[in-house]
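One letter stands for each residue in the lines below.
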Amino acid sequence: MRADKAAITHKLKIARGQLDGILKMVEEDRYCVDISNQLMATQSLLRSANQQILQAHIRNCVREALETDEPNPKLEEALQLLEKMAQ
């Protein structure tokens, strides 16, 4: 992985902490809207981490794959990921 590992790791650890907090909120029967807001914040953080990883992949692996005329599975992988994100 060529993305900024420290930044990705930091975001994922924050998301893990948020999930632990959300589980506690559910167990404590907290207000639904508060739980939903925390879920959306965690989803946003995960989307941001995923975006960083995919950008690094496209900037590096896919760019290298496009520099040849040979069919390359890296390009197909990137296209499949974009398709999944659009769903």
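See the structure above.
Remember, it's a predicted structure, so these values are computed and weren't measured experimentally. (Residues numbered from 1 in each chain as written. Predicted model: local features only at pLDDT ≥ 70, side-chain atom pairs only at ≥ 80, totals over all residues. Heavy atoms only, no water.)

1. Considering unusual backbone geometry
(1) Moving on: Even without being a glycine, D29 presents a positive backbone phi close to 60°.
(2) Moving on: Structurally, D29 is set in the loop between α1 (5-27) and α2 (32-66). (Helix = DSSP H or I, 4+ residues; strand = E, 2+ residues; numbered from the N terminus.)

2. Focus: the pattern of salt bridges
(1) Moving on: Inspection of every chain in the model, using the stated rule, returns 2 salt bridges.
(2) Moving on: One salt bridge connects K24 with E28, and the closest N-O pair in it is separated by 4.0 Å.
(3) Moving on: Salt-bridge contacts for R30 lead to E28; the nearest nitrogen and oxygen are separated by 3.8 Å.
(4) Moving on: A single network of salt bridges, built from pairs that share partners, joins K24, E28 and R30. (Salt bridge = Lys/Arg side-chain N within 4 Å of Asp/Glu carboxyl O.)

3. A look at the side chain of H57
(1) Moving on: You can see H57 is positioned in helix α2.
(2) Moving on: Its relative accessible area of 16% is what places H57 among the buried residues.
(3) Moving on: Each residue touching H57, except ones within four places of it in the same chain, is listed here: V62, K74, E77 and A78. (Buried < 20%, exposed > 50% of the residue type's maximum accessible area, 1.4 Å probe, protein only. Contact = heavy atoms within 4.5 Å.)

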